[in-house]
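Here is what each chain is made of, one letter per residue.
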Amino acid sequence: MEELIGIKKRTAIFISGNGSNMKNLIKYSKKKYSLINVDLVISSNKKSNAIRYLKKNKIDFKIFDFKQKNKDERKIFNILKKREIQLICLAGFMKILSKSFIKRFNGKILNIHPSLLPKYKGLNTHERAILNKEKFSGCTVHFVNSKLDSGKIIIQKKVKINKKDNPKSLSKKILKQEHLLYPKALKEILSRT
Ligand code: GAR
């Protein structure tokens, strides 16, 4: 058991919204067999519901609104270095990180996106998939590179779009799959390293 804990990657999660993926990753990280330890959460949204959860669960967090992006990224970089963070999981993080920040953590930043990439990069994925009468959508975990939602794909899950689906119902169905997919992606990449 000690050995297992020793190899857990020191991880930071970046969020902007409700943080359901974040909560899910924190729960996963507490399992004996998980390969991550959540050391820190960075939120771009001080009003996120997730903050209460983090306080209750005594998980360290910092809030940066990214209004001064370069300055905030510099501060975040220093915090992550000081804490020897080895992995960054973007989980509903809606800010675009600069090329230089991404380069500094090259190959160590993952993102979850609510579509079957390379389809529907960016925002309003569910609306666009429904408007285009797609039969399937889904979610993707991928490495982050300097182009939006374009890094190497690690794993995807297809979700059927029914005639009755609207963006809200589709988002709910996909989110449920996201919660299964992110831990799977971590297993996939970390059990190899
Ligand atoms: C998730 O569906 C995630 O895939 C999406 O935001 C939602 C966040 O939910 N991310 C993006 O659109 C990133 N471009 P959560 O805050 O409950 O995890």
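Residues numbered from 1 in each chain as written. Predicted model: local features only at pLDDT ≥ 70, side-chain atom pairs only at ≥ 80, totals over all residues. Heavy atoms only, no water.

### Quick notes on the packing of aromatic side chains
Two aromatic rings, taken as a pair, are described by how far apart their centres are and by the angle between their planes. Basically, it comes down to this: Any pair of Phe, Tyr and Trp rings, taking the six-membered ring for Trp, is counted once the centres come within 6.5 Å. Such a pair is stacked with planes under 30 degrees apart, edge-to-face with planes over 60 apart, and tilted for the rest. Labels follow the DSSP assignment, with helices taken as runs of H or I lasting at least four residues and strands as runs of E lasting at least two, numbered in each case from the N terminus. Burial classification: accessible surface area is computed with a 1.4 Å probe over protein chains only, and a residue below 20% of its type maximum counts as buried, one above 50% as exposed, and the rest as partly exposed. Two conditions define a charge sitting above a ring: the NZ of Lys or the CZ of Arg must be within 6 Å of the ring centre, and it must be within 35 degrees of the ring normal.
On inspection of all chains with the given rule, the structure shows 5 aromatic pairs. Relative to F101, the ring of F14 lies with its centre 6.3 Å away and its plane at 55°, an arrangement referred to as tilted. Highlighted residues: F14 in strand β1 (residues 9-15) and F101 in helix α5 (residues 99-104), separated in sequence by 87 residues. Relative to F105, the ring of F101 has its centre 5.4 Å away and its plane inclined at 40°; by these criteria the two rings are tilted. For the pair F101 and F105, one class covers both residues: buried. Site record: aromatic cluster; members linked through ring pairs are F14, F66, F77, F93, F101 and F105. Of note, K160 hangs over the ring of F136, and the distance from its end group to the ring centre comes to 5.8 Å.

### So, the environment of N18
The condition that has to hold: What makes two residues a contact is simply this: any of their non-hydrogen atoms within 4.5 Å. Polar contact criterion, stated in full: a pair of N or O atoms within 3.5 Å, where within protein one must be able to donate a hydrogen and the other to accept it, and residues adjacent in sequence count only if both atoms are side-chain atoms.
Among the secondary structure elements, N18 is positioned in the loop between β1 and α2 (20-29). Since its relative accessible area comes to 54%, N18 is described here as exposed. C-alpha separation for the pair N18 and I102, spaced 84 residues apart in sequence, amounts to 24 Å. Discounting residues that sit within four places of it in the chain, N18 has contacts with K23, S48, N49 and A50. Engagement of the side chain of N18 in a polar contact is seen with the side chain of N49, the distance being 3.3 Å.

### Thoughts on the site of the ligand
Selection rule: For this purpose, a residue is taken to be near a molecule or strand whenever a single non-hydrogen atom of the residue falls within 4 Å of it. Any residue outside Ala, Val, Leu, Ile, Met, Phe, Trp, Tyr, Cys, Pro, Asp, Glu, Lys and Arg is labelled polar, Gly included; the first ten of those are nonpolar and the last four are charged.
Taken together, G17, N18, G19, S20, N21, G92, M94, I112, H113, P114, L175 and E178 are the residues near the ligand. A distance of 2.8 Å separates an oxygen atom of the ligand from a polar atom in the backbone of G19. A distance of 2.8 Å separates an oxygen atom of the ligand from a polar atom in the side chain of E178. Broken down by secondary-structure element, the contributors of at least two residues to the shell around the ligand are α2, β5 (109-113) and α7 (167-190). For the shell around the ligand, the class distribution of residues is 4 nonpolar, 7 polar and 1 charged.

### Digging into the pairing of β5
Note the threshold: Note on pairing: DSSP must find at least two bridges between two strands before they are called paired. The handedness of a crossover follows from its direction of travel: if, with the strands pointing away from the viewer, the path from the first strand over the helix to the second runs clockwise, the crossover is right-handed.
Among the 5 residues in β5, 5 count as buried, and that is most of the element. Relative to β5, strand β4 (residues 87-90) runs parallel, the two sharing 3 bridges. Along β5, the bridge assignment pairs I88 with I109. As a crossover connection, the stretch from β4 through α5 into β5 is right-handed.

### Digging into the pattern of salt bridges
Counted only if it meets this: Between Lys or Arg on one side and Asp or Glu on the other, a salt bridge is scored when a side-chain nitrogen of the former is within 4 Å of a carboxyl oxygen of the latter.
Inspection of every chain in the model, using the stated rule, returns 5 salt bridges. One salt bridge connects D65 with K67, and the closest N-O pair in it is separated by 4.0 Å. With a relative accessible area of 38%, D65 lands in the partly exposed category.

### A look at unusual backbone geometry
The omega angle of the peptide bond from L117 to P118 is 15°, so this bond is cis rather than trans. Locating P118 in the fold gives a position in the loop between β5 and α6 (125-131). The residue D149 is not glycine, and still its phi comes out positive at about 55°. You can see D149 is positioned in the loop between β6 (136-143) and β7 (153-160). Here D149 falls in the buried class, since its relative accessible area comes to 11%.

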